[in-house]
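# Structural description and commentary
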Amino acid sequence: MSIERYQLDDFNALGDPEFRLLVRYFLREHHPVDIINPPKRLHWDEAEPWYMTLAEAGWLAPAWPREHGGMGLSAAKQLIYMDEFERFGAARTPDHGIMLLGPLLIRYGSEAQRAHFLPRILSGEHIWCQGYSEPNAGSDLASLRTEAVLDGDEWVVNGQKIWTTLAGDADWIFMLVRTDKSGKKQEGISFLLVPMDAPGVTVRPIDNLDLQDEFSEVFFDDVRVPKDNLVGEVNKGWTMAKALLGFERIFLGSPRQAAHALSRLRLLAGHVGMLDDPCFFDRYTQLRLDLADHEALFEESADRLRRGETLGADVSFLKLNQTSLFQRITELMLEIAGEDGGLLEPIEGNRDLNPMGLFLTARAATIYGGASEVQRNIIAKAVLELP
Amino acid sequence: MSIERYQLDDFNALGDPEFRLLVRYFLREHHPVDIINPPKRLHWDEAEPWYMTLAEAGWLAPAWPREHGGMGLSAAKQLIYMDEFERFGAARTPDHGIMLLGPLLIRYGSEAQRAHFLPRILSGEHIWCQGYSEPNAGSDLASLRTEAVLDGDEWVVNGQKIWTTLAGDADWIFMLVRTDKSGKKQEGISFLLVPMDAPGVTVRPIDNLDLQDEFSEVFFDDVRVPKDNLVGEVNKGWTMAKALLGFERIFLGSPRQAAHALSRLRLLAGHVGMLDDPCFFDRYTQLRLDLADHEALFEESADRLRRGETLGADVSFLKLNQTSLFQRITELMLEIAGEDGGLLEPIEGNRDLNPMGLFLTARAATIYGGASEVQRNIIAKAVLELP
Amino acid sequence: MSAHDISEAISMIRESAAGIAVRHDLGRIRKLRYSVPGFDRTTWRNMCEMGWLALSLPEEKGGVGLGMTASCALMEELGRALVPEPVIGATLAIQTLGDDQLPDVLSGEKMILPAWQTTRSGMSTSDPIPVENGTVNGVMRYVPMAAGADAFVVATANGWGLVDAHSPTLALDVAQTQDGGHYGTLTFSGTPVSIVSDTALAGPVAQATLATAAYLLGVIDEAIERTLDYLRTRVQFGKPIGSFQSLQHRMVDLSLEAALTRASVADAARIWDGSPGSSKAYAAVSRAKARASTTAMLVTRQAIQMHGGIGYTDEHDIGLYLRKAMVMAPAYGDAALHRKRFAQYMPDHAEAAA
Amino acid sequence: MSAHDISEAISMIRESAAGIAVRHDLGRIRKLRYSVPGFDRTTWRNMCEMGWLALSLPEEKGGVGLGMTASCALMEELGRALVPEPVIGATLAIQTLGDDQLPDVLSGEKMILPAWQTTRSGMSTSDPIPVENGTVNGVMRYVPMAAGADAFVVATANGWGLVDAHSPTLALDVAQTQDGGHYGTLTFSGTPVSIVSDTALAGPVAQATLATAAYLLGVIDEAIERTLDYLRTRVQFGKPIGSFQSLQHRMVDLSLEAALTRASVADAARIWDGSPGSSKAYAAVSRAKARASTTAMLVTRQAIQMHGGIGYTDEHDIGLYLRKAMVMAPAYGDAALHRKRFAQYMPDHAEAAA
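As the structure is a computational prediction, the values presented were derived from the model and not from experiment. (Residues numbered from 1 in each chain as written. Chains lettered and ligands numbered in written order. Predicted model: local features only at pLDDT ≥ 70, side-chain atom pairs only at ≥ 80, totals over all residues. Heavy atoms only, no water.)

## Some thoughts on the overall build of chain C
For chain C, the count of helices and strands is 13 helices and 10 strands. A compact globule built from 354 residues would reach a C-alpha radius of gyration of about 20 Å, and chain C, at 20 Å, matches this within 12%. On the principal axes, the C-alpha backbone points of chain C span a range of 75 × 55 × 40 Å. Looking at chain C residue by residue over its 354 residues, the buried ones come to 62%. The long-range share in chain C, meaning contacts at least 24 apart out of those at least 6 apart in sequence, stands at 75%. For chain C, the computed accessible surface area is about 12500 Å², with 54% contributed by carbon and sulfur atoms. Distance between charge centroids for chain C: 9 Å, based on 30 positive and 36 negative side chains. (Helix = DSSP H or I, 4+ residues; strand = E, 2+ residues; numbered from the N terminus. Rg over C-alpha atoms; globule rule 2.2 N^0.38 Å. Buried < 20%, exposed > 50% of the residue type's maximum accessible area, 1.4 Å probe, protein only. Contact = heavy atoms within 4.5 Å. Areas by Shrake-Rupley, 256 points an atom, 1.4 Å probe, with all protein chains shown as cover. Lys, Arg positive; Asp, Glu negative; His and termini not counted. Charge placed at Lys NZ, Arg CZ, Asp CG, Glu CD.)

## Quick notes on the overall build of chain A
Looking only at helices and strands, chain A features 11 helices and 8 strands. Taking 2.2 N^0.38 as the reference for a compact globule, 387 residues should give roughly 21 Å; the C-alpha atoms of chain A span a radius of gyration of 22 Å, in line with that estimate. Principal axes of the C-alpha set define a box for chain A whose edges measure 75 × 45 × 45 Å. Relative to its 387 residues, chain A shows a buried fraction of 56%. When the accessible area of chain A is evaluated, it comes to approximately 15400 Å², of which 50% is carbon and sulfur surface. The distance from the centre of the 39 positive side-chain charges to the centre of the 59 negative ones in chain A is 5 Å.

## Topic: the domain arrangement of chain A
Residues and elements named next belong to chain A. Segmenting chain A into domains produces domain 1 (10–93), domain 2 (128–235) and domain 3 (244–383). Each of domain 1 and domain 3 was reduced to a C-alpha centroid, and the two centroids are 23 Å apart. The partner domain 3 presents 12 residues to the 12 residues of domain 1 that form the contact. Interface area, domain 1 with domain 3, both sides summed: about 1100 Å², of which 62% is carbon and sulfur. Of all residues in domain 1, Leu79, Met82 and Glu86 give up the largest surface area on contact with domain 3, accounting jointly for 43% of the area buried on that side. Along the contact surface separating domain 1 from domain 3 lie 0 salt bridges. Here domain 1 is connected to domain 3 by 3 residue pairs in polar contact (both at pLDDT 80 or more). Among the residues forming the side of domain 1 that touches domain 3, the class breakdown is 6 nonpolar, 2 polar and 4 charged. (Domains from an automatic or database assignment. Buried area = accessible area lost by both parts, 1.4 Å probe. Salt bridge = Lys/Arg side-chain N within 4 Å of Asp/Glu carboxyl O. Polar contact = N/O pair within 3.5 Å; in protein donor to acceptor, adjacent residues only side chain to side chain. Nonpolar A, V, L, I, M, F, W, Y, C, P; charged D, E, K, R; others polar.)

## Details of the sheet that holds strand E3 (residues 135–144) of chain D
All names here are of chain D. The strand order across the open sheet formed by 4 strands is E2-E3-E7-E6, and the pairing between neighbours is antiparallel. Whereas interior strands pair on both sides, the edge strands pair on one side only; in this sheet they are strand E2 (131–132) and strand E6 (170–176). Looking at chain direction, E3 and strand E7 (residues 182–192) are connected through 8 bridges and run antiparallel. Bridging across to E7, Val136 finds its partner in Thr191. (Pairing = 2+ DSSP bridges.)

## Digging into the domain arrangement of chain C
Residue and element names in this part refer to chain C. Looking at the assigned domains, one finds that chain C contains domain 1 (3–107), domain 2 (112–197) and domain 3 (202–353). Using only C-alpha atoms to locate each centre, domain 2 and domain 3 end up separated by 29 Å. Of the roughly 980 Å² buried between domain 2 and domain 3, counting both surfaces, carbon and sulfur atoms make up 66%. For the interface between domain 2 and domain 3, the tally reads 1 salt bridge. In this structure, the salt-bridge partner of Asp179 is Lys324, at a minimum N-O distance of 3.0 Å. Along the lines of polarity and charge, the residues of the side of domain 2 that touches domain 3 split into 3 nonpolar, 4 polar and 1 charged.

## Overview of the interface of chain A and chain D
Counting residues at the interface gives 41 residues for chain A, matched by 36 residues for chain D. In this structure, A:Glu373 engages D:Arg250 in a salt bridge whose closest nitrogen and oxygen atoms are separated by 2.9 Å. Scanning the region where chain A abuts chain D turns up 20 residue pairs in polar contact (both at pLDDT 80 or more). Contributions of two or more residues to the side of chain A that touches chain D are made by strand E6 (201–206), helix H9 (316–337), helix H10 (355–365) and helix H11 (372–382) of chain A. Tallying contributions element by element places H10(A) first for the side of chain A that touches chain D, with 6 residues. Among the residues forming the side of chain A that touches chain D, the class breakdown is 20 nonpolar, 10 polar and 11 charged.

## Focus: the UniProt feature "domain: Acyl-CoA dehydrogenase/oxidase N-terminal" (unreviewed entry) in chain A
UniProt feature "domain: Acyl-CoA dehydrogenase/oxidase N-terminal" (unreviewed entry): in the numbering of this structure it lies at residues 40–125 of chain A. Annotated as 63% helix and 0% strand, the span residues 40–125 of chain A places its first and last C-alpha atoms 23 Å apart. (UniProt positions renumbered as here; feature names shortened; annotations may be inferred.)

## Remarks on the relation of the copies chain C and chain D
Expressed as a screw transformation, the operator carrying chain C onto chain D has a rotation angle of 180° and an axial translation of 0.0 Å, and the superposed copies differ by an RMSD of 0.0 Å. The two molecules are tied by a two-fold rotation axis, judged by turn and shift. Taking C-alpha positions as reference, the residue of chain C nearest the rotation axis is C:Ser246, located at 2.3 Å. Comparing interface residues between copies, 100% of those in chain C also lie at the interface in chain D; the contact surface is shared. (Least-squares fit on C-alpha atoms with pLDDT ≥ 70 in both.)

## Some points on the interface of chain C and chain D
Taken residue by residue, the interface counts 4 residues in chain C and 4 residues in chain D. Here chain C packs against chain D, burying approximately 360 Å² in sum over the two surfaces, 43% of which is carbon and sulfur. When the buried area of chain C at its contact with chain D is split by residue, C:Gln245, C:Ser246 and C:His249 rank highest and sum to 88% of it. Counting every contact that joins chain C to chain D gives 0 salt bridges. Our count for the contact surface shared by chain C and chain D stands at 3 residue pairs in polar contact (both at pLDDT 80 or more). Looking at side-chain class alone, the side of chain C that touches chain D contains 1 nonpolar, 3 polar and no charged residues.

## Observations regarding the environment of B:Ala269
Mapped onto the fold, B:Ala269 is located in helix H7 (residues 256–271). Once you skip the residues sitting within four places of it in the chain, B:Ala269 turns out to touch B:Met274, B:Leu275, B:Phe280 and B:Ile336.

## Thoughts on the UniProt feature "domain: Acyl-CoA oxidase/dehydrogenase middle" (unreviewed entry) in chain A
Using the residue numbers shown here, the UniProt feature "domain: Acyl-CoA oxidase/dehydrogenase middle" (unreviewed entry) corresponds to residues 129–223 of chain A. Across residues 129–223 of chain A one finds 0% helix and 52% strand; the C-alpha atoms that close the span lie 17 Å apart.

## Focus: the nonpolar core
Core analysis: the biggest nonpolar cluster contains 178 residues, and B:Leu265 and C:Phe152 have the highest contact counts within it. If you tally residues by element for this core, the top one is helix H8 (residues 202–233) of chain C, at 17 residues. Residue contacts for C:Phe152: discarding those within four places in its chain leaves C:Ile112, C:Leu113, C:Val143, C:Ala146, C:Gly161, C:Leu162, C:Val163, C:Ala165, C:Leu170 and C:Leu186. Counting 177 residues, the second largest nonpolar core, distinct from the first, contains A:Phe359, D:Ile94, D:Val136 and D:Met140. (Core = buried A, V, L, I, M, F, W, Y, C linked by side-chain atoms within 4.5 Å.)

## Section: the UniProt feature "domain: Acyl-CoA dehydrogenase/oxidase C-terminal" (unreviewed entry) in chain C
UniProt tags residues 210–344 of chain C as "domain: Acyl-CoA dehydrogenase/oxidase C-terminal" (unreviewed entry). The annotated region residues 210–344 of chain C carries 77% helix and 3% strand content, and the separation between its end C-alpha atoms amounts to 18 Å.

## Some details on the side chain of A:Asp83
All names here are of chain A. As for its position among the elements, Asp83 is in helix H3 (residues 75–88). We classify Asp83 as buried; its relative accessible area is 18%. A polar contact of 2.9 Å, which involves the side chain of Asp83, links it to the side chain of Arg20. Excluding its chain neighbours within four sequence positions, the residues that come into contact with Asp83 are Arg20 and Arg256.

## What about helix H4 (residues 96–108) of chain B?
Residue and element names in this part refer to chain B. Here H4 contains 13 residues, and its C-alpha end-to-end distance of 17 Å stays within 8% of the 18 Å for a straight helix at 1.5 Å per residue. Of all bends in H4, the biggest is about 30°, found at Gly102, and the proline Pro103 comes one to four residues later. Every buried residue of H4 is listed here: His96, Gly97, Ile98, Leu101, Gly102, Pro103, Leu104 and Leu105. (Expected span 1.5 Å × (residues − 1). Bend = angle between axes of the 7 residues up to and from the residue.)

## Let's talk about the pairing of E6(D)
In the case of a regular strand, side chains alternate between the two sheet surfaces. Residue and element names in this part refer to chain D. In terms of strand pairing, E6 meets E7 through 7 bridges, oriented antiparallel. Along E7, the bridge assignment pairs Leu170 with Phe188. Between the antiparallel neighbours E6 and E7 lie 5 residues, among them Gly180 with a positive phi of about 100°.

Set out below in structure tokens:
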């Protein structure tokens, strides 16, 4: 089908099975084959064709309302969209503008901000990165110190961000900055939009453990941006950012990462001749059970979303469990890979036999997006009501 | 050999191998066969013959100096004595007087206290129990509240002790009591000796999880004892009790309990036909490795004792590891026992096929003698120097 | 019934269960421990009157016609309160009976329990015993609460056979279990038997297996709630021990395992009700039982640990949950067995193709 | 030598190692990463001059005549500093060489590395290749740092054979490893070889295995120390993160595993030195390697986790310890293999009789 055939007026009018098939066909027909299940986060030059295809089809922003150029999907349809993308192994584009900034502007932005920025996200003209973490504000994000001081009609920004994903590819950064140092540390934080080519912005890439340059540090040295680049009320940035941590949180607990790893474990086990080893088989079966039970738990939360409920702090269970399972699977991979588990490149050049890459990637899963230790703290207080 | 042949003037003059053989022969000849490796802590009526045999031979108190009627063993010889007793499966007698009170009286007691009490311990006339823990002072022992108030020439004791081992068999109790409520909670604690038949002392046995009446609560209701029953200085009881937690601590980490459990796991595995199961065999082998490595770690500490060094807080590692290993072994037992793992009595009436008893006993190991959580706190501060 | 009706029926079942399965007072449970038969016949009749045995029995047979989702809800409540009455066994038995035996059984007048295991972990190896000249010879083992039955339905090579519990040629040996109940060993020596049905063993046993997983889920949930309560109130070192991070994190991990168990049991019940007896349904049941058995042991062990000294006494109720887990975790197949069965029923082509 | 002399010699070895194995500055290590040959020949000569290759070689062969206890002490220091020079391989090689090759090798003039593995996890399955007409055909795999060798001693069916690394009939393929080094695959096609000894494979390989365990012990200890330092200084939520109980308890558990590894390695070295080549000694070596491999992966994984985001960067040194563990944990046999071998060398009659 040509891409116009996928430009529907009301996706929600489709039945769930029909919509699922539509997504599946769309991916089969239009997703570039060479970037299915990429072993690393793609840079803009690698992801651009796919981003522009999504843009052309009007499929970039499943959660945005129609009026802003999104697909306007219901919660149920969004879950199907996500599920099929993950099942297919669709490549993730530099999507911070779509996933995080867009919804924030739609809810808190000014008319002018929406009119200016949203279309440019959808056209691929603006690629955004996210500036939240700082060297001394990781798990304890509210301790951030990068500050913006109003000087006439401009904010003057000084400080440093870290773990900024794909900063080198981005045209703009949305960031949390301190605009008031009195009061509690969660207060006095504002949400600011800064062009990456502004004088005083410096990007330093950081190689991660898998030797990919996914992250950067971003330095701000007397960077000046217009007063209007602040989103929503001044000193309310923390509240706004937290309010958006809703629906998205279920993504962190999606079973697909673990499911993908498990399928690779099976390939590896076949390659090293372990499938008939009863001890391995028993552990492998346990991991299959773990995955199936995780899927059942994930579906319970998805059902609640489909019924229009909002998710509570117990959604942290999903992230905790998925990341731990993902790690256990990759650890078993290394256990059976023998000397090959120490290689730098995939075994025999086969990208699907890359236990090392998956193992190292899995290390990040329990650190980013709220470290497991912090997730446990949250659940202990908010769900278990421990003192 | 008749028992007199074991009454040596200087055991330390023997070579280590000779002494080891001597202990081994003594046990073979004189230990009652029916109480080898008893499935529970023996009561006095069951243990008395063995206690009196040890008394007659002069073998009751390996650590006491000769002048007080002990064997006067060096550290090295004490370890051999302990090792052979455990290896043989010798029954533990109600030994609190020997293990804990004796050394304390020898170090801190008055001449009169030593002269009165030590011989009566050695003769079996006085069986002692220990009154440390209280319902609200378990892991946090220094919070104890049972108090002794001086009234003329007598201490008046009110309060409650708990987890008192074999209290019903004891003639006397040595206890920690609060004698001063001002100041820090570790201060104001004294060490007091109380006859169990004093008016106002009530014993209530508590069944443990294995349905044995090993423990009791002991209640004190206006119990009056002479002023001289206080040992050492008033308000220094905590310091004295802690000072004695030295050499004995290595016993809690002895590998014998785990070694015994592992041998029973093997018997059980044979009984249920699991020895040829490769998954079981791999896990069983891992437990053997764990035990062997624990023995190596234990020997390192034993070596330090033999060289005359004192043990630091890192001796807690031994207790932590031994108890955890003991539990893992018994958990695997239940895993392979099938429905029989739910029985109340040993399988087919065979005392050596009692995974349930060992499993339940093992539950206590990580709670008593300093819960594992508290051991970890201690190591984190004292050994790892974490803030 | 509509989904709404079923969900309403389940709420009613849970509420009505609370009258008999009193989870905040285990006095009745303690009194019955280690007695014979270890349960209470009056309570049993009440249960039967509430229709508990007939929940998943088709309406035309006098049942309520609800599925495993409803049964599991009931079993979870019973597990929370450690109810000793043999609902799981009796429910299995009625699926093997003919229409003429049903009324007395459903009313609670007559208690019939199933005897189908010839060996330990009988799930994988049991061999039915043959019927010759209307009598059976052989041994059936691990019959829970056997001493309270009026009759047994025995898995024979010729179908399910009814045997009078008081038959002089039937010897009953009783071995007490940690939870206060018992297993019976039945020795038949030319014992008269009448064949009542040829119902296949696998389906009813799978339903009983899932019911056991649901019962364990109740044990797990209640052990966690009781431990949380204890952690919130017990003070050591000047603060509630539930404020210590190591215990908090451990409780989070245990609660996660409990949530997985709940999801797994619900999933299996849904799959079973959707396509009872399918490979997929058997696999889901095995998955739920493997998870429930493992989690129940883990949670109740840790519950003891976190209760400290008091948890190691028989007089504190938390120990009753560990004892119950020790008996129910291996019942109808332990975790290792059900892992194997899951792999048999659900080979991993799906993942391999992913 | 007396016990006192040996203990003094070990102190000297540790001290002298500190000059080359600089654990507080990994600059040299970082520079050499992913280069070929991945180590430094000048440093190599210094090591040889310090006698490190000859520690356990008998004095009559020009060695120092110390046992595995001394070797393990040295390897632990090298592991702490992540030293990439192939001391373990070269030490294995010299045990297979004749007296005439030794001086050049011991002086560091010539580097000879051993090639004995034909397959992955070769510990259990390796087949030596045959010599025909003074040449060999076949493939040898997993030769660490092969690109830096002047020659190889190859395990052939006729004994150890010396092969010139620059022989035109020898093809060398290099696969880089996570730690910055590489494995070589050697393909021999009628390559000339001269037999130098018929030393059995098992003994030298066992010593190399134990040396690898000791190297891993160094990796473990240093990863723990660095993590403790980090926990003491890194502040989040207003306090050093090392004051959080969950991290404290985790560090205790890791330190316990480290202590077990230390005891296990020391025990194996002592047993080997007491009765080299005995079943008991092989079992002890396998025990130590199983423990070291498992602990190294556990500790370095957790070290990353506790370092948080910074631990997931390549520029922070803690990641180098994880990478090293990924390479050395499987080298000379992984934990699963050594569990099996332990059970073979030390059947459990002892425990059974206890």
